[in-house]
Amino acid sequence: MYISRNIPNTRIDVADALRGIAVAGIILYHSVEHFNIFTDEPIVHTLPCDQQVASVLAWLFSGKMYGIFAMLFGLSFFIMNDNQQQKGKNFSGRFTWRMCLLFMFGVINMAFYDGDILMFYALYGLLLIPVSYLPSRAVWCIIALLAIQPVELFCLLTGITMDYSTMWEQYALLLDMHAHGTFWENATTNLRYGFTENLWFNVFSGRLTQLLCLFILGMQLGRQRLFYDEGRHLHVWHVMVIISATAVVVLSLVDFGGLAVWLTPVYNLVILWMIVSAVVSAWYAFHGVRRALRHLCTFGRMSLTNYLLQSVIGCFIFCGYGLACYRLLGVTYAVLVGVAMVVSQYLFCLYWFSNYQRGPLEGLWRRLTWMKAEHILHL
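First, a word on what this report is: a plain description of the structure on this page. (Residues numbered from 1 in each chain as written. Predicted model: local features only at pLDDT ≥ 70, side-chain atom pairs only at ≥ 80, totals over all residues. Heavy atoms only, no water.)

**Some remarks on the overall build of the chain**
At step 1: A count of helical and extended segments in the chain gives 17 helices and 0 strands.
At step 2: A compact globule built from 379 residues would reach a C-alpha radius of gyration of about 21 Å, and the chain, at 21 Å, matches this within 12%.
At step 3: The principal-axis extent of the C-alpha atoms belonging to the chain is close to 60 × 55 × 45 Å.
At step 4: Each of the 379 residues in the chain was classed as buried or not, and the buried ones make up 53%.
At step 5: Sequence separation of at least 24 residues holds for 83% of the intrachain contacts in the chain that already meet a minimum separation of 6.
At step 6: Element-wise, carbon and sulfur atoms account for 69% of the exposed surface of the chain, whose accessible area totals about 17,700 Å².
At step 7: Computing the positive centroid from 23 side-chain charges and the negative centroid from 20, the chain places the two 18 Å apart. (Helix = DSSP H or I, 4+ residues; strand = E, 2+ residues; numbered from the N terminus. Rg over C-alpha atoms; globule rule 2.2 N^0.38 Å. Buried < 20%, exposed > 50% of the residue type's maximum accessible area, 1.4 Å probe, protein only. Contact = heavy atoms within 4.5 Å. Areas by Shrake-Rupley, 256 points an atom, 1.4 Å probe, with all protein chains shown as cover. Lys, Arg positive; Asp, Glu negative; His and termini not counted. Charge placed at Lys NZ, Arg CZ, Asp CG, Glu CD.)

**As for the environment of Phe-195**
At step 1: Assignment of secondary structure puts Phe-195 in helix α9 (residues 183-205).
At step 2: Overall, Phe-195 belongs to the partly exposed group, its relative accessible area being 27%.
At step 3: Excluding residues that lie within four positions of it along the chain, Phe-195 makes contacts with Phe-103, Met-110, Met-119, Phe-120, Leu-123 and Asn-190.

**Some points on the pattern of salt bridges**
At step 1: Going through the model one piece at a time under the given rule, you end up with 4 salt bridges.
At step 2: The salt bridge involving Asp-16 is made with Arg-11; its shortest N-O contact spans 2.8 Å.
At step 3: Between Asp-13 and Arg-294 there is a salt bridge, with its nearest N and O atoms 3.2 Å apart. Taken together, the positions of Asp-13 in helix α1 (residues 13-32) and Arg-294 in helix α13 (residues 287-300) put the pair 281 residues apart, joining distant regions of the chain. (Salt bridge = Lys/Arg side-chain N within 4 Å of Asp/Glu carboxyl O.)

**Considering the packing of α9 against helix α10 (residues 207-224)**
At step 1: With their axes 6 Å apart at the nearest point, α9 and α10 run at an angle of 85° to one another. Regarding the angle of α9 to α10, the classification is roughly perpendicular. Facing α9, whose interface residues are Leu-199, Phe-201, Asn-202, Val-203 and Ser-205, α10 presents Arg-207, Leu-208 and Leu-211.
At step 2: Within the contact of α9 with α10, the residues separate by chemical class into 5 nonpolar, 2 polar and 1 charged. (Axes fitted to C-alpha atoms, helices over the stretch in contact; angles between N-to-C directions. Parallel < 35°, antiparallel > 145°, perpendicular 65-115°, else oblique. Nonpolar A, V, L, I, M, F, W, Y, C, P; charged D, E, K, R; others polar.)

**Some thoughts on the packing of aromatic side chains**
At step 1: With the rule as written, the count across this model stands at 25 aromatic pairs.
At step 2: Ring geometry for Phe-73 versus Phe-215: centroids 4.9 Å apart, planes at 40°, classification tilted. You can see Phe-73 sitting in helix α3 (residues 64-86) and its partner Phe-215 sitting in helix α10, a full 142 residues away along the chain. We note that Phe-73, like Phe-215, is buried.
At step 3: An aromatic cluster of three or more residues is present, and its members are Phe-69, Phe-73, Tyr-121, Tyr-124, Phe-215 and Tyr-307. (Phe/Tyr/Trp six-rings, centres within 6.5 Å; stacked < 30°, edge-to-face > 60°.)

**As for the side chain of Asn-109**
At step 1: Here Asn-109 is to be found in helix α4 (residues 92-112).
At step 2: The exposure class assigned to Asn-109 is buried, which follows from its relative accessible area of 1%.
At step 3: Setting aside residues no more than four positions away along its own chain, Asn-109 makes contact with Asp-116, Tyr-307, Leu-308 and Ser-311.

**Some words on the side chain of Arg-98**
At step 1: Among the structural elements, Arg-98 can be located in helix α4.
At step 2: Buried charged residue Arg-98 carries no salt bridge. Nearest counter-charge: Glu-362, at 8.9 Å.
At step 3: Excluding anything up to four places from it in sequence, Arg-98 contacts Met-80, Trp-365, Arg-366 and Thr-369.

**Overview of the nonpolar core**
Side chains of a nonpolar character, in soluble globular proteins, are inclined to be buried together.
At step 1: Tyr-121 and Phe-227 are the most contacted members of the largest nonpolar core, which has 115 residues in total.
At step 2: Counting residues per element, this core draws most heavily on helix α12 (residues 260-285), which supplies 14 residues. (Core = buried A, V, L, I, M, F, W, Y, C linked by side-chain atoms within 4.5 Å.)

**Overview of the environment of Arg-366**
At step 1: Among the secondary structure elements, Arg-366 is positioned in helix α16 (residues 360-369).
At step 2: Residue Arg-366 is classed as partly exposed on the basis of its relative accessible area, which comes to 40%.
At step 3: Between the alpha carbons of Arg-366 and Leu-101 there is a distance of 9.9 Å; along the sequence they are 265 residues apart.
At step 4: Setting aside anything within four residues of it in sequence, one finds Arg-366 in contact with Arg-98 and Arg-358.

**Digging into helix α6 (residues 136-147)**
At step 1: The terminal C-alpha atoms of α6, which comprises 12 residues, lie 16 Å apart, in line with the 16 Å expected from a rise of 1.5 Å per residue.
At step 2: Of all the positions in α6, only Val-139, Ile-143 and Leu-146 are classed as buried. Viewed along the axis of α6, the buried residues span an arc of 70°, placing them on a single side of the element. Exposed residues on α6 whose side chains face more than 90 degrees from its buried face are Arg-137, Cys-141 and Leu-145.
At step 3: Where α6 is buried, its residues touch α5 (118-132), α7 (150-158) and α10.
At step 4: Two residues or fewer past α6, Gln-149 is found with a positive phi of approximately 60°. (Expected span 1.5 Å × (residues − 1). Arc of directions from axis to C-beta.)

Structure (structure tokens):
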């Protein structure tokens, strides 16, 4: 059983920077996808470079930003859990309540954007509770098992194929509503089909076990204190940059062929790890990098608020009930809209933090998390 080492857990600035990168990347790639609206209608404003921009951003962001977000979620769980252990308190019940709150935030977000991840993160988060009691050796074994994409590998070895017809049928309903429905029609359709559609997509894309792997990995990296510049940790990150970058180059040259259903999510995981290790290495090795990424720290400290804001703003811009830009803007112009969203939300962060210590939803989530039990029962 894991026992706290009773070492103070100070705020990890590089984790805030990674959160900022993750949320900004999510906004940009959601803009590429017109917030889940793909249409055969002719798009009014396009550029010759649209396909190249889409390919580059898919390679860099698709599946990676959500994964980084998941890993940092596991890290946050460790810090809160370890802090409570050091006080002689059990965090399991309080964390379960915290995940219930996150699920409710996810329901609100789902009303705007059918690709919400918060509800899934809340459910995955509950699995961290039993895993947190295991010794590190057992945790590393679980991480290794999940990292090899066991579901995809099993299907590949047995010849079993998944029937995704339900996913495509539900997506067709959602797409039609996004393009032509009112806001209320969108909200009710999202709430009816969004969760199951996301579940199917997580299975289809290989994220079902990969996200859980990253949750647990974040917790384990917290145990090892690898996000702190202590001892030889920086050397470890440098080695991981070299190994992951080499693996990315090798896998980029391989034709996956019939193994694509298994190797593609593995390849995405390796790219994700290359990004994380490069950012952490550069953060601690170069003062100029730390200074440049401070802006993303500000953005990352308000990650929950920024995630919900991008759903509200982005869907209004691209959905039919709003500005209907899904049929007006090609990929490159859509990315510029995403950049404008990131900048405007960053300016909001600066304004908010000039008056408050935490973001609006972050502060609300914290207050509700630490409510006394008798108050929770009366909600």
